[in-house]
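So you can see what is in the structure, the chains are spelled out below.
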Amino acid sequence: MQVILRAFVWDFAYDKMSSTFRRLREEWGLDGISFVVTNPAKLLLLPNSEQARFQYADEGAVCFCPERSWYADLNLMPISSKLCGMRNPLKEVTEKAKELGLRVSAVVSCCYNPSLGKEHPELTVQNALGDRILHLLCPANPTVREFLVRMVGDLVTNYPLDAVELEDLGYLNLTKLDSLTTDLLLPPAADFLLSRCFCEYCCQIAVERGIEIERVRFFVQTELEQFFIAPTELSLSPLEWDFWEGLVEGEARKVIHMRMDIVSSLLSLLVEQISHKHDKRAHVEGHLLPASLWQVGIDRQRLRELADVVEVDAKEVAPERLPPYLLLNRQVLGEQAELWVRLHPSERFIPNKQAFLAQVRACKEQKVDGVVIVGYGSLRKQNWDWIREAITLLKS
Ligand SMILES: [Zn+2]
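Residues numbered from 1 in each chain as written. Predicted model: local features only at pLDDT ≥ 70, side-chain atom pairs only at ≥ 80, totals over all residues.

> Got a sec to walk through the packing of helix α11 (residues 322–333) against helix α12 (residues 353–365)? Specific residues and values, please.
For the pair α11 and α12, the least separation of the axes is 9 Å and the interaxial angle reads 35°. Two packed elements cross with a definite hand, and for α11 against α12 that hand is right-handed. The segment α11 lies against α12, with L322, P323 and L326 engaging Q359, A362 and E365. In terms of residue class, the contact of α11 with α12 is made up of four nonpolar, one polar and one charged. (Axes fitted to C-alpha atoms, helices over the stretch in contact; angles between N-to-C directions. Helix = DSSP H or I, 4+ residues; strand = E, 2+ residues; numbered from the N terminus. Left-handed = near helix turned anticlockwise from the far one by under 90°. Contact = placed C-beta atoms within 7 Å. Nonpolar A, V, L, I, M, F, W, Y, C, P; charged D, E, K, R; others polar.)

Encoded structure:
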C-alpha cells in the first residue's frame, strides 16, 4: 500500500524543505508527495504554508518554467505562474523530495485551463449556442492534444518524476468552475447540455463519421433556449446512458461514442509519452461511479487498458458508502490497473476524524493499491494528526 501526500509547491520554503521532507518520510511514514502543477484558483489560503498564507495565484498557470524547445513551432506554451518569480519551484521541490527518498509525482490538469483558454479562445469548447466556454479546452482540438503531450514530455524529462497524475481529462462541464455566478439552478443534465462541444474539430470528426451533427446541435440549442425560459423535462432528467443515447433518433449514441474515441486516443498519446517513452507511471482520474465516466468521454475499457493507476476521489463520501463504490471500481478495472483513492482530511468534506479514519479503514479493507491524502499547507495543524493516524493505520 502506497501512501502519498498531495500538496502545492507553495506549501514549502526552499530553506526548510529538507527538514520538512525528511519529517514527512521518517516521522509521518509517507511514501511520496504529489505536487499540483496548475494553480486551481485565484486565491489559495494556506494557513500552514512555509511561505505566504495568502497566495494570489493566476488560475491555470503552472508552477514550473517550461523548456521552450518542447513547444517549438506550436505557438503555445504553458503559462508560468507569476508566483514563480525567477525560480523554478517544481524543480526545487521535486529534486529535494527525491533526494530525501520520497517518490515524486506531478498533478496535471488536462482540459481545465482558464488562463490558456482566455488567451486562446480557439482552443476552447464551443457549445450548441455558439458560446465559447473559455475555461474548458476541447480534447478534439489538435493543438490542445499536441500541447498536452508536449507538456507531459517536458515534465517527465526535466523533473525526477515517478508518475504523472492526469486530471480533468475529457469533455468537462461548465460548472467545473467553482466561482460561477448565476441565478439559474443548473441540474446535471442542463450543465451537460450547456457544455457539449460543437467546435469545428468536433463537427469535422462527426461529419467524417457520417453523424448528423447539425441535427444534434440544433436539438441541444432548442433544448437550451427552452431551458432559459423554464426548466424542461430533459434538463431535469438523470444523466443515464440508456436514456441519453436514444435521443435524436440514435444520433446521440454516435456522438457519445465519438467523444469516447476522441478522449481515449488523447489518453493513449499521453500514456505513450509518459509510460512507453519515459517509463514513468500514468495515473488517471476515474470516478467512484464508473458508469458515469461516459459523461466526460472516458471509455472504461480503454481506461483500464491504458492507465497504470486509476484514482477515484472520495470527497464528501460517507464511510459506509465507500466499500461498494470501491468494489464496483475493482470489478471494472480488474487486475489491469491499480486502484487508488483520494482522501480529504478536512472538516470541509468529512464531519470529523472518526469519519475520516473510517474512510481510511474502508480503503485498507478493500485492499486498494494506494491512497492519496490531499492537503498539507492548506490544512489546519490538527488535521495533520488525522493524516499521521491514517498512515499508521494503512501501514499496519
Ligand atoms: Zn470541440
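> Can you break down the pairing of strand β1 (residues 2–8) residue by residue, with the values?
Side-chain positions along a regular strand alternate between the two faces of the sheet. For β1, the tally of buried residues reaches six of seven residues, placing the bulk of the element in the interior. Of the pairings in the sheet, the one linking β1 to strand β12 (residues 370–374) comprises five bridges and is parallel in character. What sits directly across from V3, in β12, is V371. The pairing of β1 with strand β2 (residues 32–36) spans five bridges and is parallel. Bridge assignment links L5 to a residue of β2, and that residue is I33. As for the winding sense of the linkage, the β-α-β connection from β1 through helix α1 (residues 17–26) to β2 is right-handed. (Buried ≥ 20, exposed ≤ 12 C-beta atoms within 10 Å, placed from the backbone. Pairing = 2+ DSSP bridges. Right-handed = clockwise from strand over helix to strand, strands pointing away.)

> Got a sec to walk through α12? Specific residues and values, please.
With 13 residues, α12 extends 18 Å from end C-alpha to end C-alpha; this agrees with the ideal 18 Å at 1.5 Å per step. Residues F356, Q359, V360, A362 and C363 constitute the buried set of α12. Down the axis of α12, the buried side of the element spans an arc of 155°, and every buried residue falls inside it. Residues of α12 that are exposed and point more than 90 degrees away from the buried face comprise Q354 and E365. In the core, the buried residues of α12 are packed alongside α11, β11 (338–343), β12 and α13 (381–395). Just downstream of α12 lies K367, where phi reads positive at about 55°. (Expected span 1.5 Å × (residues − 1). Arc of directions from axis to C-beta.)

> Describe helix α4 (residues 142–158), listing the residues and the values that go with them.
Here α4 is 17 residues long and its end C-alpha atoms lie 24 Å apart, about the 24 Å a rise of 1.5 Å per residue gives. Residues V144, R145, F147, L148, R150, M151, V152, D154, L155 and V156 constitute the buried set of α4. As for α4, its buried residues are in contact with β5 (103–109), β7 (132–137), β8 (163–167) and α9 (251–277).

> Report on the sheet that holds β5, specifying residues and quantitative values.
Read around the closed barrel, the eight strands follow the order β1-β2-β5-β8-β9-β10-β11-β12; overall the barrel is parallel. In this sheet, adjacent strand axes meet at a mean angle of 25° when their direction is disregarded. Pairing of β8 with strand β9 (residues 281–285) involves four bridges; the strand directions are parallel. For A163, the partnering residue across the bridge sits in β9 and is R281.

> I'd love a proper account of unusual backbone geometry, names of residues and values included.
Phi angles above zero are rare outside glycine, and D73 is one such case at about 50°. Positionally, D73 belongs in the loop between β4 (54–56) and α2 (89–99). Using a count of 6 C-beta atoms within 10 Å as the deciding quantity, one classes D73 as exposed. Phi angles above zero are rare outside glycine, and D168 is one such case at about 50°.

> Just give me the short version of the environment of G370, but keep the residues and values in it.
Checked against the element boundaries, G370 lands in strand β12. When the C-alpha atoms of G370 and E26 are compared, they prove to be 19 Å apart, with 344 residues separating the residues in sequence. Ignoring any residue separated from it by four or fewer positions in sequence, one finds G370 in contact with M1, Q2, V309, E338 and W340.

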